[in-house]
Amino acid sequence: VLEIGCGSGHLTPRFEQAGFRYAGLDLSADMLKIARSKSPESDFWEADMRHFDLPEPVDGAIMTGRTISYLLPFQDVYDCFVSVRQNLRDKGLFCFDFIDAARFIPRIREQERVVHRAEYQGKHFFRESFWKPNLTYGWGFDWKSTYYEETEKGPQLLGADDSTISAFTKEDIALLLQLAGFEVLGFEDRPSYAFETWVVVSRKS
């Protein structure tokens, strides 16, 4: 199984323990360095998910954590799907999740502020985010975040980032998969911590 956008290999041990032969693909050399150090028995490839070639085809491919959201124009999404298909064996499966534009974009018509909190090694952190629709590339939105650690002296700023993120309708995804040579087997509604999300299961046709 190939994980596209594997990052630091957080999911790799789950596949290894389940008996899968696992390979991870990511664009970040720094992330892959961490992944290799944690799981030296698995293969990791530095590549762009829009254009990649594996040494041998795989039985299945997954993208988790709404990785597809970082592909903005439909052409990039289509190119990714074509590359995945070219690296799958016959009737290979391709599964991924995506933010449901039909439910999420109307909810953030007015710029929305959201806060997410986390605890790690006894420390408390929170992220303050602002979401605002951005229809330049389709059903997208701008996401600006600021990160803090909660201390006795009050919130301490850790950093900030901003991204433009893509959301999709089920019809968008179904058509793009069809054009790239996939058969859609089904959609599953899978709410996440912040977004209305669909998981799609497709098969190389």
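Shown above is the structure to which this text applies.
Residues numbered from 1 in each chain as written. Predicted model: local features only at pLDDT ≥ 70, side-chain atom pairs only at ≥ 80, totals over all residues. Heavy atoms only, no water.

1. Quick word on the overall build of the protein chain
For clarity, the cut-off: Numbering of helices and strands runs from the N terminus, with a helix taken as a DSSP run of H or I at least four residues long and a strand as a DSSP run of E at least two residues long. Based on C-alpha atoms, the radius of gyration is set beside the globule rule, defined as 2.2 Å times the residue count to the power 0.38. Working definition: with a 1.4 Å probe on protein chains only, accessible area under 20% of the residue-type maximum means buried, over 50% means exposed, and in between means partly exposed. Throughout, a residue-residue contact means that at least one pair of heavy atoms, one from each residue, lies within 4.5 Å. Using the Shrake-Rupley algorithm and a 1.4 Å probe, accessible areas are obtained, with residue cover drawn only from the displayed protein chains. Counting rule applied: Lys, Arg positive; Asp, Glu negative; His and chain ends not counted. By convention, the charge on Lys lies at NZ, on Arg at CZ, on Asp at CG and on Glu at CD.
Counting secondary structure elements, the protein chain contains 5 helices and 11 strands. Taken over C-alpha atoms, the radius of gyration comes to 18 Å for the protein chain, in line with the 17 Å a tight globule of 205 residues would show. Taken over 205 residues, the protein chain has a buried fraction of 43%. Residue pairs at least 24 apart in sequence account for 55% of intrachain contacts in the protein chain once pairs closer than 6 positions are excluded. Total accessible area on the protein chain stands at roughly 11600 Å², and carbon and sulfur atoms take up 51% of it. In the protein chain, the 24 positive side-chain charges and the 32 negative ones have mean positions that sit 2 Å from each other.

2. Regarding the sheet that holds strand β7 (residues 123–134)
The pairing of strands in a sheet comes from backbone hydrogen bonds and takes either a parallel or an antiparallel form. Heads up, the rule is: For two strands to be treated as a pair, DSSP must find at least two bridges joining them. Interaxial angle, 0 to 180 degrees, is taken between N-to-C directions of lines fitted to C-alpha atoms, where a helix line uses only the stretch in contact.
Across the sheet, 4 strands lie side by side as β6-β7-β8-β9; this open sheet has antiparallel pairing. In this open sheet, the two edge strands, each paired with only one partner strand, are β6 (112–120) and β9 (154–166). Within the sheet, the average angular offset between the axes of one strand and its neighbour, ignoring direction, is 20°. As paired elements, β6 and β7 share 9 bridges and run antiparallel to each other. Looking at the pairing, Val 115 lines up with Glu 128 of β7.

3. With respect to the pattern of salt bridges
Side chains bearing opposite charge may pair, as long as their charged atoms lie close to each other. Worth spelling out the cut-off: By definition here, a salt bridge exists when the distance from a side-chain nitrogen of Lys or Arg to a carboxyl oxygen of Asp or Glu is within 4 Å.
Taken as a whole and judged by the stated rule, the model has 12 salt bridges. Between Arg 113 and Glu 128 there is a salt bridge, with the nearest N and O atoms lying 2.6 Å from each other. Of this pair, Arg 113 sits in strand β6 while Glu 128 sits in strand β7, and the two are 15 residues apart along the sequence. Relative accessible area serves as the criterion here: at 17%, Glu 128 is assigned to the buried category. Two residues, Arg 190 and Glu 188, come together in a salt bridge whose shortest N-O distance is 2.6 Å. By relative accessible area, which is 42% here, Arg 190 ends up partly exposed. One continuous salt-bridge network, built from bridges that share partners, spans Arg 21, Glu 56, Asp 59 and Arg 89.

4. Some details on the nonpolar core
As a reminder of what qualifies: We define the nonpolar core as a collection of buried residues of types Ala, Val, Leu, Ile, Met, Phe, Trp, Tyr and Cys that are connected through side-chain atoms lying within 4.5 Å of one another.
Counting 29 residues, the largest nonpolar core has Ile 4, Ile 68, Phe 81, Phe 94 and Phe 96 as the members making the most contacts within it. If sequence neighbours within four positions are ignored, Phe 94 has contacts with Ile 4, Ala 61, Met 63, Phe 81, Val 84, Leu 88, Leu 177, Phe 182, Val 200, Val 201 and Ser 202. Of all hydrophobic cores here, the second largest spans 13 residues; its members include Ala 101, Ile 105, Trp 143 and Ala 194.

5. What about the layout of surface pockets?
What counts, and what does not: Points on a 1 Å grid, built from protein atoms alone, make a cavity when a 1.4 Å probe fits but cannot get out and make a pocket when they are open with protein on both sides within 12 Å along at least 5 of 7 lines; residues with an atom within 4 Å of a point are the lining residues. Grid points are joined across faces, edges and corners, and a volume is the space filled by probe spheres set on the points. Each residue receives one of three labels: charged for Asp, Glu, Lys and Arg, nonpolar for Ala, Val, Leu, Ile, Met, Phe, Trp, Tyr, Cys and Pro, and polar for the others, Gly being one of them.
Of the pockets and cavities examined, the largest pocket occupies roughly 970 Å³. Lining the largest pocket are 33 residues; nearest its centre among them are Gly 5, Thr 64, Gly 65, Thr 67 and Tyr 70. Of the volumes computed, that of the second largest pocket is approximately 210 Å³. If you go around the second largest pocket, you meet 13 residues; those closest to its centre are Arg 21, Ala 23, Glu 56, Pro 57 and Val 58. Secondary structure elements with two or more residues in the lining of the second largest pocket: β3 (43–46) and β4 (58–63). Taken together, the residues of the lining of the second largest pocket break down into 8 nonpolar, no polar and 5 charged.

6. A look at the packing of helix α3 (residues 74–86) against helix α5 (residues 170–180)
Quick reminder of the rule: These descriptions rest on fixed angle ranges, namely under 35 degrees for roughly parallel, over 145 for roughly antiparallel, 65 to 115 for roughly perpendicular, and the rest for oblique. Here a crossing is called left-handed whenever its near helix is offset anticlockwise from the far helix by less than a right angle, and right-handed whenever the offset is clockwise.
Put simply, α3 and α5 touch, their axes get as near as 9 Å, and they point 50° apart. Judged by the inter-axis angle, α3 sits oblique to α5. Crossing geometry of α3 relative to α5 is assigned as right-handed. On α5, the residues that touch Phe 74, Val 77, Tyr 78, Phe 81, Val 82 and Arg 85 of α3 are Asp 172, Ile 173, Leu 176, Leu 177, Leu 179 and Ala 180.

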